[in-house]
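As a plain string of letters, each chain reads:
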Amino acid sequence: MIGSALTQFVLIWWITDTTGSASALATAGMAALLPQALLGPLGGTLADRYSRRFLMITADLISALCMLVLITLFLTERVELWHVYVMMFIRSAMQAFQGPAAAASTAMLVPGSFLPRAAGLNQTLMGIMTVASAPLGALAIGVMPLGLALGIDVVTALLGIIPLLLFRIPQIKRSEEQQTSMWAEFREGFELVWQHPGLRRLYGLLGAVVLVVMPSFTMVPLLVKNHFGRGVGDVALMEVLTGAGMILGGLLIAAIAPKRQMPWILLGLAASSLTIALTALAPSQMFWLAVVWWAVSGMSFIMANAPMTALLQTTIPNQLQGRALSLLSTVMGLAGPAGLAIAGPLGEMLGVRWLFVAMGVLGTLVGLAGFLSPTLLRLQGGSAGETPIPALPQRSAGG
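What counts and what doesn't
- Residues numbered from 1 in each chain as written.
- Predicted model: local features only at pLDDT ≥ 70, side-chain atom pairs only at ≥ 80, totals over all residues.
- Heavy atoms only, no water.
- UniProt positions renumbered as here; feature names shortened; annotations may be inferred.
- Helix = DSSP H or I, 4+ residues; strand = E, 2+ residues; numbered from the N terminus.
- Buried < 20%, exposed > 50% of the residue type's maximum accessible area, 1.4 Å probe, protein only.
- Contact = heavy atoms within 4.5 Å.
- Areas by Shrake-Rupley, 256 points an atom, 1.4 Å probe, with all protein chains shown as cover.
- Lys, Arg positive; Asp, Glu negative; His and termini not counted.
- Charge placed at Lys NZ, Arg CZ, Asp CG, Glu CD.
- Salt bridge = Lys/Arg side-chain N within 4 Å of Asp/Glu carboxyl O.
- Core = buried A, V, L, I, M, F, W, Y, C linked by side-chain atoms within 4.5 Å.
- Phe/Tyr/Trp six-rings, centres within 6.5 Å; stacked < 30°, edge-to-face > 60°.
- Lys NZ or Arg CZ within 6 Å of the ring centre and 35° of its normal.
- Expected span 1.5 Å × (residues − 1).
- Bend = angle between axes of the 7 residues up to and from the residue.
- Axes fitted to C-alpha atoms, helices over the stretch in contact; angles between N-to-C directions.
- Parallel < 35°, antiparallel > 145°, perpendicular 65-115°, else oblique.
- Left-handed = near helix turned anticlockwise from the far one by under 90°.
- Nonpolar A, V, L, I, M, F, W, Y, C, P; charged D, E, K, R; others polar.

Looking at an unreviewed UniProt entry, one finds the protein named MFS transporter, with Deinococcus malanensis as its source organism. Reading the Subcellular location (unreviewed entry) entry of the UniProt record for the protein gives the comment "Cell membrane".

Student: When you look at the overall build of the protein in this model, what are you seeing that I'm missing?
Tutor: Check the secondary structure of the protein and you find 14 helices and zero strands. Expressed as lengths along the three principal axes of its C-alpha atoms, the size of the protein is roughly 60 × 50 × 35 Å. In the protein, buried positions account for 55% of the 399 residues. Pairs at least 24 apart in sequence give 88% of the contacts found in the protein among residues at least 6 apart. For the protein, the exposed surface amounts to about 16,600 Å²; the carbon and sulfur share of it is 70%. One way to put it: in the protein the 20 positive side-chain charges average out to a point 10 Å from where the 15 negative ones average out.

Student: Got a minute to help me understand the pattern of salt bridges in this structure?
Tutor: Opposite charge on two side chains permits pairing when their charged atoms draw close. What the rule picks out here adds up to three salt bridges. Between Lys225 and Asp17 there is a salt bridge, and its shortest N-O distance comes to 3.9 Å. Taken together, the residues span a long stretch of sequence, with Lys225 in helix α8 (residues 197-226) and Asp17 in helix α1 (residues 2-19) at a distance of 208 residues. In this structure, the salt-bridge partner of Arg230 is Asp234, at a minimum N-O distance of 3.3 Å.

Student: Just to check I follow, could you spell out unusual backbone geometry for this structure?
Tutor: Across the chain, the bulk of peptide bonds are trans and the bulk of non-glycine residues have phi less than zero. Although it is not a glycine, Glu77 adopts a positive phi angle of roughly 55°. With relative accessibility at 73%, the residue Glu77 sits in the exposed group.

Student: Would you mind going over the environment of Phe301 with me for this structure?
Tutor: With respect to the helices and strands, Phe301 occurs in helix α11 (residues 287-315). Along the chain, Phe301 and Leu73 lie 228 residues apart, while their C-alpha atoms are 36 Å from each other. The contact partners of Phe301, leaving out residues within four places of it in the chain, are Gly268 and Ser272.

Student: What am I meant to see in the nonpolar core here?
Tutor: Generally speaking, nonpolar side chains in soluble globular proteins are found buried as a group. Core analysis: the biggest nonpolar cluster contains 88 residues, and Leu70, Leu312 and Phe356 have the highest contact counts within it. Residue contributions to this core peak at 15 residues, all from α8. Non-local contacts of Leu312, meaning those with residues more than four positions away in its chain, are made with Leu199, Leu202, Tyr203, Gln321, Leu325 and Leu328. In terms of nonpolar packing, the next biggest core, distinct from the first, is built from 13 residues, Leu46, Ala47, Ala93 and Met94 among them.

Student: Help me out: how do you make sense of the environment of Phe89 in this one?
Tutor: Topologically, Phe89 is positioned in helix α4 (residues 81-109). In this structure, the C-alpha to C-alpha distance between Phe89 and Leu165, residues 76 residues apart in sequence, is 26 Å.

Student: Help me out: how do you make sense of the packing of aromatic side chains in this one?
Tutor: How two aromatic rings sit relative to each other is given by the distance of their centres and the angle of their planes. Following the criterion strictly, the structure yields five aromatic pairs and no others. Pairing Phe217 with Phe301 gives two aromatic rings, centres 6.3 Å apart and planes at 65°, and the pair type is edge-to-face. Of this pair, Phe217 sits in helix α8 while Phe301 sits in helix α11, and the two are 84 residues apart along the sequence. Judged by its relative accessible area of 31%, Phe301 falls in the partly exposed class. For the pair Phe228 and Phe287, a centre-to-centre distance of 5.4 Å together with 70° between the ring planes defines the contact as edge-to-face. Taken together, the residues span a long stretch of sequence, with Phe228 in the loop between α8 and α9 (232-256) and Phe287 in helix α11 at a distance of 59 residues. Residue Phe228 is classed as buried on the basis of its relative accessible area of 7%. With a relative accessible area of 4%, Phe287 lands in the buried category. The ring of Trp194 has Arg200 lying over it, and the distance from NZ or CZ to the ring centre is 5.3 Å. Here Arg353 stacks its cationic end above the ring of Trp354, 5.1 Å away from the centre of that ring.

Student: How do you make sense of α8 when you look at a structure like this?
Tutor: The end-to-end C-alpha separation of α8 is 44 Å, in line with the 44 Å expected for 30 residues at 1.5 Å each. Largest kink in α8: about 60°, centred on Met219, with the proline Pro221 one to four residues after it. Of all 30 residues in α8, 22 are buried; the element is thus mostly enclosed.

Student: What should I look at first to understand the packing of helix α2 (residues 22-49) against helix α12 (residues 318-350) in this one?
Tutor: How two helices pack is summed up by the angle between their axes together with the distance between the axes. Where α2 contacts α12, the axes come no closer than 7 Å and their chain directions differ by 165°. Judged by the inter-axis angle, α2 sits roughly antiparallel to α12. Relative to α12, α2 is oriented so that their crossing is left-handed. Looking at side-chain class alone, the contact of α2 with α12 contains 14 nonpolar, 16 polar and three charged residues.

Here's what the structure looks like:
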């Protein structure tokens with residue numbers, strides 16, 4: 001995870017430094033998100049149908065091979081912007097297969113009662129990744145050719161594969177009678193979400209939030225460079241303190257393990273969005289204040305994301321989780337590029353600072369709007385709101 005995040009940091013900064021364009025960053029964001037939207041349903045269906053462990057290993061290997069190609073292009077000074085876009089596209093496509101397999105595996109590895117805490121600890125690891133990847137990325141850019149800096153991702157990808165070769169991933173086995181066509185299995189996951197009022201509204205809300213605020217995650221280097229007049233080290237500082245906020249948020253959720261997740265999700269999304277606006281509203285000479293607000297945004301985002309993960313894992317039957325979770329990735333994967341497509345030209349017109357303010361305010365309103373839906377507020381892991389969800393079947397080793 002650190003290797004992948006380091007690579008993303010290096011590539012985004014290279015695009016920022018090379019082009020200085022909001023549209024170029026928006027294109028990079030679309031390349032990193034759109035494949036997950038297009039291939040997410042297939043990846044989720046395969047994760048429920050075949051070995052999740054094999055899918056994760058294969059996805060990591062292909063990502064490592066793609067990075068070797070990009071490293072060669074950088075070292076031979078033949079790299080062009082479209083090369084980076086293509087490699088980001090392929091890496092994102094592999095995430096469409098790895099993500100659902102990994103998420104569905106989590107619920108088979110820990111007791112159901114521990115899932116809220118496991119989600120919090122998982123998000124803490126995400127924070128540690130953020131803390132480590134940004135300064136390491138900035139250091140790598142400063143002390144070695146960019147091509148060699150990207151080589152770190154290849155090494156960490158191979159290290160990530162080793163545990164999957166050594167340990168089995170429990171997976172529910174399906175008899176031949178239960179096997180149906182790929183389309184029928186995808187439709188089964190889709191109908192689970194669509195026919196459940198609470199899940200349907202939750203997916204719509206998350207899609208709306210991603211549509212509005214996702215561009216800020218891609219364009220923050222441009223905000224730091226254009227509004228605050230800072231460099232790559234300052235972007236790394238923002239990411240480090242954001243990671244610290246994520247660690248704190250994850251540990252808080254792991255300690256509290258909230259039994260009613262939905263209020264945490266809605267308030268966390270609203271607070272995270274509001275602090276995005278406050279980050280951009282900080283005066284150009286008060287960069288430290290922007291860093292503080294950005295760290296608070298990371299903490300509140302995790303305090304929404306961890307309960308959401310636990311809610312979905314305890315609401316959706318495990319044999320359908322690959323498909324249902326990949327459908328969420330598809331919703332967000334389509335919303336993200338759509339938001340970036342709008343934000344690119346809007347940022348050129350308004351300026352990146354006021355674009356951030358607009359995104360933060362709209363995201364806050366969307367998050368708070370969830371409190372207006374009684375059906376959404378009734379959605380609860382284990383009791384799943386209005387439409388009952390069948391209990392998880394007994395586990396069996398496999399995969």
